[in-house]
Amino acid sequence: MNIKKIWIVGVMLALVIFQHPNPAIHAQDDKDKSKGNTVVEGAASILESKYSSYIKEHRGKSYQGNDIVLDKPENWVTDTSLLTSNDEKAALRIKQNDEANITIQAPETASYLIGLQYSTEGDNILPTQLEMKVNGQFPFYELRNLIFESRWEVPNETLKDKYGNEIVPQPNKVKEWQEKFISDASYRSSEPFYIELQKGDNEITFRTIEGNILIQSIILASVDELSGYPEGKVVGNEFIVIEGENSTYKNDSSIRASSLYNIDLTPYSAGKRVMNYLDSDSFKKPGHKVEYEFEIEKSGYYYMGMIYRQNVKIDFPVFVNLAIDGDIPFKQYKNYPFDYTPEFTHTTIHDPEKDVDIPIYLEAGKHTISLTISLDHIKSTIEKVEQLTKEIQTLSLELTKLTGPSIDRNRDIDVEKYIPGITKQLQTWTDEMSDLYEGVKKYNPNVAEIGAFSSLNIAEKQLKSLSKNVDKLIVRKNELSTGTNSITAHLGNLLQEIINNGLAVDKLYFYQDAEDVPEKKGFMKKQLAKVERLSKSFGEQDYAIDNVNPDHLQVWVNRPRQYIEIMQQLIDEQFTPSTGIQVDISLMPDENKLILSNASGDAPDVAVGVNYALPFEIAIRGALQDLTEFDDFDEVKKRFPEGLHVPATVKNGIYALPDTMNFWVLFYRKDILDSLGLPVPDTLEQVKSYLPELQRKGMNFFYPTAGMAGLKTFASTMPIIYQNGGNFYGDTIGRTALNEEESIEGMRQLTELFTIYNMPFEVPSFYQQFRDTSLPIGISDYFMYNLILNAAPEIANTWDIALMPGIENEDGEIERWSAGGAESNVIFEDSAKKEESWEFLKWWSSTDVQIAFGNNLQTTYGKEYIWNTANIEAFEGLPWVTNHKNVILEQTEWVTEVPRVPGSYMLEREISNAYNSIVLDGANFRTAIDLASKRINRETFRKLEEFGFMKNGETIEPYPNPEFTNE
């Protein structure tokens with residue numbers, strides 16, 4: 001053995017010892033280090049304090065004077081070049097990614113509510129996002145992300161589809177001045193922030209993260225305490241009804257009406273879909289606000305009633321702030337609870353303490369009523385759950401340091417000896433969880449268990465079980481924070497579910513005589529309605545595959561109805577008038593049956609939105625049209641990343657157009673990397689160099705294979721192999737190139753991330769651990785992006801994305817190859833309308849249509865419906881966060897896919913098996929690769945024979961390799 005080999009072995013042994021410490025060796029060090037410490041000491045967050053901590057120190061110094069309105073921007077804007085004139089009045093304009101400094105003079109050192117009179121500029125669908133510093137610093141964490149919503153107006157017109165069903169209309173953005181005080185973007189609290197200002201001049205710095213904003217006035221104020229409702233006698237017979245589906249304004253474009261076949265709802269139709277209630281799937285997030293206009297004919301006292309359904313939070317209420325004419329009239333209307341009810345139920349706003357209905361005085365004339373979803377009553381519960389999650393993860397890390405990542409079930413360790421106080425800490429956590437659960441039970445004392453908080457109850461029982469036998473904690477340590485059924489997983493589920501506050505509204509009404517309140521329909525009427533509905537269901541079905549006109553182009557779409565309605569609207573407005581081609585869209589019953597549909601002669605002309613790997617399976621059996629045969633295909637092909645055509649390439653033809661694309665990028669917490677002084681990693685080597693510092697802080701890096709429980713797909717195994725210059729096949733499809741030098745080096749680097757560098761090889765939820773900072777950096781895709789963007793408002797503006805870390809090649813270029821396949825569109829070979837089908841695909845994939853579809857989809861159904869079109873030019877025009885969009889577009893230059901060829905499913909499976917053998921079972925690396933290669937080759941040759949490319953082991957016709965490389 002030469003000196004170099006001896007050195008390498010020595011380094012490897014040192015790494016193994018470092019990662020798998022022996023308790024006997026390190027006992028004294030651990031014992032000394034832990035003296036006087038509890039298990040969670042030293043786990044202090046490296047982030048700025050949150051507002052809940054900040055306010056404890058500053059609330060007592062709150063400003064008590066009259067409101068101060070600063071309505072002359074020229075007096076407080078530092079850079080007057082940022083001033084503009086709007087409505088003949090000066091305003092400060094802050095464009096995207098720009099910042100502005102404002103000087104505010106405070107009359108005294110105190111905590112103020114700071115409000116803005118603002119208007120969002122442009123047609124951007126996304127809300128405007130800002131960050132705010134006070135005198136050069138963020139006083140607390142939440143000021144990194146402030147949301148200023150637009151106001152949306154619902155059109156009065158009723159839209160119908162081709163079948164006569166009402167559909168959701170497109171809302172219009174209202175361009176007007178609004179007033180909002182600086183407050184929590186996650187809306188855990190509906191109260192504005194108290195922010196301390198020093199007497200005299202204070203510098204406020206605003207920077208826009210998304211969108212453009214105009215600021216006309218700044219307000220310094222204090223909170224007006226709400227009083228109770230006045231005593232008033234309700235007399236008369238006035239009755240004013242407001243239909244829940246007919247909202248006038250809303251602060252989120254996706255808050256919408258929906259349709260339900262329920263005879264108790266109005267309007268009602270047994271045969272057609274009519275909009276008849278406010279959809280709980282859209283009116284659900286904290287801070288969601290919907291406003292209605294109504295008119296009172298006679299002044300007087302009224303009761304307020306409502307027909308609603310709240311079936312999301314089982315046995316627990318959803319809280320709503322009720323405002324009349326823009327203000328909450330009295331404290332009983334603030335955080336008003338709407339109890340759990342699985343059916344639409346009548347309620348009158350009442351005072352539970354006095355058990356009486358609450359009267360409200362309304363003057364004759366026009367009024368508004370608004371409903372805003374609130375989390376005020378459970379904010380402290382949420383923050384405590386987050387704290388418990390972090391502390392339990394810290395304990396899990398300490399146990400891993402004690403035993404190493406592998407669990408030896410035959411070794412006994414006195415855990416209390418090495419981590420003093422652990423037994424008491426487990427019991428303390430159990431008590432704290434019990435207290436939290438008992439605390440929420442006060443909102444529904446009539447039930448034994450609160451279903452909405454069942455995850456907390458499960459976590460408590462699991463923790464109690466662990467605390468009873470601490471000596472078994474080493475063997476059961478995965479129950480703490482790893483695995484899908486761990487304690488932190490249950491707590492994470494609770495945090496996710498708790499922000500869903502779906503409230504459906506059929507009617508609101510103001511009444512004076514209880515006799516006017518609508519009653520539910522009787523039993524017989526309901527049964528007759530069901531019979532009528534059943535009889536009509538046997539008729540013509542909307543968007544059904546058998547409800548077609550043979551003279552029309554038949555298009556099957558593998559998407560939900562919401563997508564299809566918008567597609568059909570665009571077809572009727574644009575495609576058919578310009579081409580004369582009539583189109584019938586149908587909901588695809590099952591994309592996996594497309595081959596059978598073709599065999600039976602029932603296949604459509606066009607299929608849209610099928611899995612990107614499916615066209616190969618259909619095309620190799622001769623059932624799809626080769627798109628390269630169309631004269632203008634080469635021009636259309638340029639709309640998409642070149643690598644996305646690889647899976648649909650069969651021999652020398654291309655049999656599908658990409659519809660949507662996935663993307664894999666680096667997700668990172670800006671706050672964590674900044675606090676550690678680490679720049680965003682550009683290469684895989686940089687990532688490796690960060691791991692010791694991350695792991696020392698109890699954190700780590702997420703690699704996509706860790707999020708795949710069984711099969712490790714090409715999306716996670718291919719990138720490092722390609723980045724090393726590897727390929728899976730040669731010039732033709734035959735023996736795999738997996739065991740060639742470049743591919744072997746890629747597999748080695750991939751597996752060593754887990755066997756040597758100690759990245760976690762199993763992560764039940766990167767989303768949750770990214771939120772709680774235990775995995776503050778990692779590689780993930782579009783689906784994780786959508787989840788973090790829309791379901792983690794508390795960390796908004798503290799995270800970002802970057803290009804996938806790659807490997808530097810010989811020319812000094814960093815190769816960042818990543819997967820990107822999502823969904824594709826195809827034309828069937830048996831279609832009698834191939835030219836019309838091609839016209840449709842060209843139109844559908846065009847830039848203007850994709851932009852219109854993406855905008856309409858997101859405006860109507862919300863920002864979680866971000867359209868990930870594969871048309872690169874169209875992607876640039878869609879309402880994505882601008883900075884993120886630029887990163888994704890740059891990453892698409894490195895997007896490719898592993899070819900789908902005879903036997904490629906075995907290639908994917910065996911690479912996964914080799915990975916699992918090496919990482920999980922400790923198998924010899926070369927043995928695992930050789931065994932995988934043999935199995936891949938055997939199946940490839942068998943499939944080549946099946947499709948006629950080989951016979952008796954001899955090649956009859958070479959199958960060209962469409963694998964995309966950057967040569």
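Look up a bit, the structure's there.
What counts, and where the lines are drawn
- Residues numbered from 1 in each chain as written.
- Predicted model: local features only at pLDDT ≥ 70, side-chain atom pairs only at ≥ 80, totals over all residues.
- Heavy atoms only, no water.
- Pairing = 2+ DSSP bridges.
- Helix = DSSP H or I, 4+ residues; strand = E, 2+ residues; numbered from the N terminus.
- Axes fitted to C-alpha atoms, helices over the stretch in contact; angles between N-to-C directions.
- Parallel < 35°, antiparallel > 145°, perpendicular 65-115°, else oblique.
- Left-handed = near helix turned anticlockwise from the far one by under 90°.
- Contact = heavy atoms within 4.5 Å.
- Nonpolar A, V, L, I, M, F, W, Y, C, P; charged D, E, K, R; others polar.
- Patch = residues over 30% accessible without salt bridge, like charges linked within 9 Å, V, L, I, M, F, W, Y side chains within 5 Å.
- Areas by Shrake-Rupley, 256 points an atom, 1.4 Å probe, with all protein chains shown as cover.
- Salt bridge = Lys/Arg side-chain N within 4 Å of Asp/Glu carboxyl O.
- Lys, Arg positive; Asp, Glu negative; His and termini not counted.
- Charge placed at Lys NZ, Arg CZ, Asp CG, Glu CD.
- Buried < 20%, exposed > 50% of the residue type's maximum accessible area, 1.4 Å probe, protein only.
- Expected span 1.5 Å × (residues − 1).
- Phe/Tyr/Trp six-rings, centres within 6.5 Å; stacked < 30°, edge-to-face > 60°.
- Polar contact = N/O pair within 3.5 Å; in protein donor to acceptor, adjacent residues only side chain to side chain.
- Right-handed = clockwise from strand over helix to strand, strands pointing away.

*Asks:* Can you lay out the sheet that holds strand β22 (residues 318–324) for me, pointing to particular residues and giving the numbers?
*Replies:* Strands sit in the order β11-β8-β17-β20-β28-β22-β23 across an open sheet of 7 strands; the sheet is antiparallel. The sheet is open, and its two edges are formed by β11 (172–174) and β23 (336–338), each paired on a single side. In the sheet, strand β17 (residues 249–250) pairs with strand β20 (residues 289–296) via 2 bridges, with the strands oriented antiparallel. Its bridge partner being in β20, Tyr249 is matched across the sheet by Glu291.

*Asks:* Go over the packing of helix α19 (residues 741–755) against helix α27 (residues 925–946) with me, naming the residues and quoting the values.
*Replies:* Here α19 crosses α27 at 125°, and the two axes come no closer than 11 Å. It follows that α19 is oblique to α27 by the angle criterion. When you trace α19 past α27, the crossing you get is right-handed. Note on element contacts: α27 touches α19 through Phe925, Arg926 and Ile929, opposite Ile744, Met747, Arg748 and Thr751. Of the residues contributing to the contact of α19 with α27, the split by class is 4 nonpolar, 1 polar and 2 charged.

*Asks:* An account of a negative patch on the surface is requested, with residue identities and associated values reported.
*Replies:* A surface patch of negative charge is lined by Asp67, Glu179, Asp224 and Glu225. Structurally, the position occupied by Asp67 is in the loop between α3 (51–58) and β1 (68–70).

*Asks:* How would you sum up the pattern of salt bridges? Please name residues and give values.
*Replies:* By the definition in use, this model includes 37 salt bridges. Here Asp123 and Lys175 are joined by a salt bridge, their closest N and O atoms 3.3 Å apart. One end of the pair, Asp123, is in the loop between β5 (110–121) and β6 (128–134); the other, Lys175, is in the loop between β11 and β12 (178–181), with 52 residues separating them in the sequence. We note a salt bridge from Arg935 to Glu910, for which the minimum N-O separation is 3.5 Å. With Arg935 in helix α27 and Glu910 in helix α26 (residues 904–919), this residue pair connects regions lying 25 residues apart in the sequence. For Arg935, a relative accessible area of 33% translates into the label partly exposed. Classification of Glu910 as buried rests on a relative accessible area of 5%. By sharing partners, the salt bridges in this structure join Asp161, Arg273, Arg561 and Glu565 into a single network.

*Asks:* Kindly report on α19, identifying the contributing residues and their values.
*Replies:* Here α19 spans 20 Å end to end across 15 residues, near enough to the 21 Å set by a 1.5 Å rise per residue. By the burial criterion, the buried members of α19 are Ser743, Ile744, Gly746, Met747, Gln749, Leu750, Thr751, Leu753 and Phe754. Those residues of α19 that are buried lie in contact with α17 (684–696), α18 (714–723), β40 (807–808), α26 and α27.

*Asks:* Give me the packing of aromatic side chains: which residues, what numbers.
*Replies:* Scanning the model with the defined rule gives 53 aromatic pairs in all. Summarising the aromatic geometry, the rings of Phe663 and Tyr785 are spaced 5.9 Å apart at their centres and angled 70° between planes, so their arrangement reads as edge-to-face. You can see Phe663 sitting in the loop between β35 (657–661) and β36 (664–669) and its partner Tyr785 sitting in helix α21 (residues 782–791), a full 122 residues away along the chain. The class for Tyr785 is buried, based on a relative accessible area of 0%.

*Asks:* Got a sec to walk through helix α25 (residues 882–891)? Specific residues and values, please.
*Replies:* For the α-helix, the turn length of 3.6 residues means that residues three or four positions removed from each other point alike. What α25 keeps buried is the set His884, Lys885, Val887, Ile888, Leu889 and Gln891. At its buried positions, α25 is contacted by β35, β36, α21, β39 (799–802) and α24 (872–876).

*Asks:* Just give me the short version of unusual backbone geometry, but keep the residues and values in it.
*Replies:* Most of the time, phi is negative for any residue but glycine, and the peptide bond is trans. Of note, the bond from Thr266 into Pro267 is cis; its omega dihedral lies within 30 degrees of zero at -10°. Along the chain, Pro267 falls in the loop between β18 (257–258) and β19 (277–278). One non-glycine residue, Asp325, adopts positive backbone phi at about 55°.

*Asks:* Hey, could you go over the side chain of Glu196 for me, with residue numbers and the actual values?
*Replies:* Tracing the sequence through the fold places Glu196 in strand β13 (residues 194–197). Among the residues examined, Glu196 registers a relative accessible area of 17% and is labelled buried. Engagement of the side chain of Glu196 in a polar contact is seen with the side chain of Gln198, the distance being 3.3 Å. Here Glu196 is in contact with Tyr54, His58, Lys61, Ala110, Ser111 and Val134, once residues within four sequence places are set aside.

*Asks:* If you had to explain the pairing of strand β31 (residues 583–587) to someone new, which residues and values would you point to?
*Replies:* Strand residues, when the strand is regular, have side chains that alternate between the two faces of the sheet. Of all 5 residues making up β31, 4 are buried, and the element is well covered by its neighbours. Strand direction decides the pairing type here: strand β30 (residues 553–557) and β31, joined by 5 bridges, are parallel. Bridge pairing in β31 places Val557 opposite Leu587. Considered for its hand, the β-α-β crossover made up of β30, helix α12 (residues 561–579) and β31 is right-handed.

*Asks:* Can you explain the pairing of strand β29 (residues 504–511)? Please cite residues and give values.
*Replies:* In terms of burial, β29 is a largely internal element, 8 of the 8 residues being buried. Across 5 bridges, the pairing between strand β16 (residues 239–243) and β29 is antiparallel. From the neighbouring strand, Ile240 faces β29, where its bridge partner is Phe510.

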